Amino acid sequence: MTRTMIVAGNWKMNLSRAEAVALAEGVAEIKTTDAVEVAVFPTFPWLVPVEDALDEGSVVLGAQDCYVETAGAFTGEVSPAALAELCGAVLAGHSERRHVLGETNELVGAKVRAILDAGMTAYLCVGETLDEREQGRAKSIVEEQLEHGLAAVGTTELAQIVVAYEPVWAIGTGVAASADDAQSMCAFVRGWLGARHGDAGTAVRVLYGGSVSPANVDEIFACEDVDGGLIGGASLDAESFGALVAAAGRIAAV
Ligand code: PEP
């Protein structure tokens, strides 16, 4: 089965309102085909202006996080139900939330459930730290993150799941995983999904994230089990992001 590739930009806590709108206008102009899905994840306050700037095109608007409850006395948190009025997708368990903000595997699993309940796609982010990799624990760490992150997700719901394998040591460092490592870890994720959920598991899009740039995108996106990328730094410029979307288009056409 052919899996539609995804190129998703995580803008993190960057950009002024004017910069976010200008970038969204640039992304809306990137030429793509049905074979490549494009998504952007701006910071919360710019979701509305970015939605306007995307102008009902095919770019998916996403949020970088949400809370696990729909409404109530949770000052400062953001409801998945509110996000669903604007967004098609939400990130869950990005490494910066796990390692800087202290999110646990259990919380990430609850967020994935809440995102699906609100009718959006959950991008579950998984990945090991450098220490964990050096100790030979990369796969067991990712397995644990998958177990908890997808604990409450049924086989029939997997079309609403994207998994992003993002080794922590490659995020924002300029040092991407080698194509061999990206392939091996994304194949591991796909194998885990297939073992539990059969064909529906195997069909889940698995992205690689971590210092993807126009210079290394071709070899990474060409990997059999890599269905595109979750992109940080290179998504903050419409030209470099466009180069990644174009690379995905070339690979999808092969
Ligand atoms: C990310 O933020 O998910 C990411 C992969 O960042 P970068 O591309 O900058 O490494």
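Residues numbered from 1 in each chain as written. Predicted model: local features only at pLDDT ≥ 70, side-chain atom pairs only at ≥ 80, totals over all residues. Heavy atoms only, no water.

S.K.: Go over the overall build of the chain, please, and point to the residues and values.
M.R.: Helices and strands together make up the secondary structure of the chain, namely 10 helices and eight strands. In terms of overall dimensions, the chain is globule-like: its C-alpha atoms have a radius of gyration of 17 Å, near the 18 Å expected for 254 residues. Dimensions of the chain along its principal axes, counting C-alpha atoms only, are 45 × 45 × 35 Å. Summed over all atoms, the accessible surface of the chain reaches about 11,000 Å², with 51% contributed by carbon and sulfur. Here the chain contributes 15 positively and 36 negatively charged side chains, and the mean placements of these two sets differ by 3 Å. (Helix = DSSP H or I, 4+ residues; strand = E, 2+ residues; numbered from the N terminus. Rg over C-alpha atoms; globule rule 2.2 N^0.38 Å. Areas by Shrake-Rupley, 256 points an atom, 1.4 Å probe, with all protein chains shown as cover. Lys, Arg positive; Asp, Glu negative; His and termini not counted. Charge placed at Lys NZ, Arg CZ, Asp CG, Glu CD.)

S.K.: Report on the site of the ligand, specifying residues and quantitative values.
M.R.: In the vicinity of the ligand lie 14 residues, with Lys12, Glu166, Gly172, Ser211 and Gly232 positioned nearest. In the model, an oxygen atom of the ligand is placed 2.8 Å from a nitrogen or oxygen of the Lys12 side chain. A distance of 2.7 Å is found between an oxygen atom of the ligand and a backbone nitrogen or oxygen belonging to Ser211. Contact with the protein chains hides 95% of the accessible area of the ligand, taken as 290 Å² for the molecule alone. Its residues assigned to classes, the shell around the ligand comprises four nonpolar, eight polar and two charged. (Near = heavy atom within 4 Å. Polar contact = N/O pair within 3.5 Å; in protein donor to acceptor, adjacent residues only side chain to side chain. Nonpolar A, V, L, I, M, F, W, Y, C, P; charged D, E, K, R; others polar.)

S.K.: Go over the environment of Leu91 with me, naming the residues and quoting the values.
M.R.: Relative to the helices and strands, Leu91 resides in strand S4 (residues 89–92). In contact with Leu91, not counting residues within four places along its chain, are Asn10, Phe41, Ala63, Gln64, Asp65, Ile115, Tyr123 and Leu230. (Contact = heavy atoms within 4.5 Å.)

S.K.: Can you tell me about the packing of helix H7 (residues 138–149) against helix H8 (residues 179–202), naming the residues and giving the values?
M.R.: It is at 11 Å that the axes of H7 and H8 come closest, and there the two elements cross at 40°. As far as their axial angle goes, H8 and H7 are oblique. Of the two possible hands of crossing, H7 and H8 adopt the one that is right-handed. Contacts from Ala138, Lys139, Val142, Glu143, Leu146 and Glu147 in H7 reach Ser184, Met185, Phe188, Val189, Trp192 and Arg196 in H8. A class-by-class count of the residues in the contact of H7 with H8 yields seven nonpolar, one polar and four charged. (Axes fitted to C-alpha atoms, helices over the stretch in contact; angles between N-to-C directions. Parallel < 35°, antiparallel > 145°, perpendicular 65-115°, else oblique. Left-handed = near helix turned anticlockwise from the far one by under 90°.)

S.K.: Requested: an account of empty space enclosed by the protein, with residues and values cited.
M.R.: Using the criterion set out here, one finds one cavity of 30 Å³ or more in the structure. If you add up the space inside the largest cavity, you get close to 30 Å³. Contributing to the lining of the largest cavity are Gly93, His94, Ser95, Arg98, Cys125, Val126, Gly127, Glu166 and Val168. Here the residues of the lining of the largest cavity sort into three nonpolar, four polar and two charged. (1 Å grid on protein atoms, 1.4 Å probe; cavity = no way out; pocket = protein on both sides within 12 Å on 5 of 7 lines; lining within 4 Å. Points joined across faces, edges and corners; volume = space filled by probe spheres on them.)

S.K.: Provide a residue-level description of the pattern of salt bridges, including the pertinent values.
M.R.: Using the criterion set out here, one finds 15 salt bridges in the structure. The closest approach of N and O atoms between Arg205 and Glu37, which form a salt bridge, is 3.4 Å. Of this pair, Arg205 sits in strand S7 (residues 205–209) while Glu37 sits in strand S2 (residues 36–41); the two residues are 168 residues apart in sequence, bridging distant segments of the chain. With a relative accessible area of 16%, Arg205 lands in the buried category. Its salt-bridge partner being Asp227, residue Arg190 comes within 2.7 Å of it at the nearest N-O pair. (Salt bridge = Lys/Arg side-chain N within 4 Å of Asp/Glu carboxyl O. Buried < 20%, exposed > 50% of the residue type's maximum accessible area, 1.4 Å probe, protein only.)

S.K.: Residues and numbers for the sheet that holds strand S8 (residues 228–231), please.
M.R.: Taken in spatial order, the eight strands of this closed barrel run S1-S2-S3-S4-S5-S6-S7-S8, and their pairing is parallel. The average angle at which neighbouring strand axes cross in this sheet is 25°, direction not considered. As paired elements, strand S1 (residues 5–10) and S2 share six bridges and run parallel to each other. By the bridge assignment for S2, Gly9 is matched with Val40. With respect to the sheet, helix H2 (residues 47–54) is in contact with S2 and strand S3 (60–63), its orientation differing from that of S3 by roughly 170°. (Pairing = 2+ DSSP bridges.)

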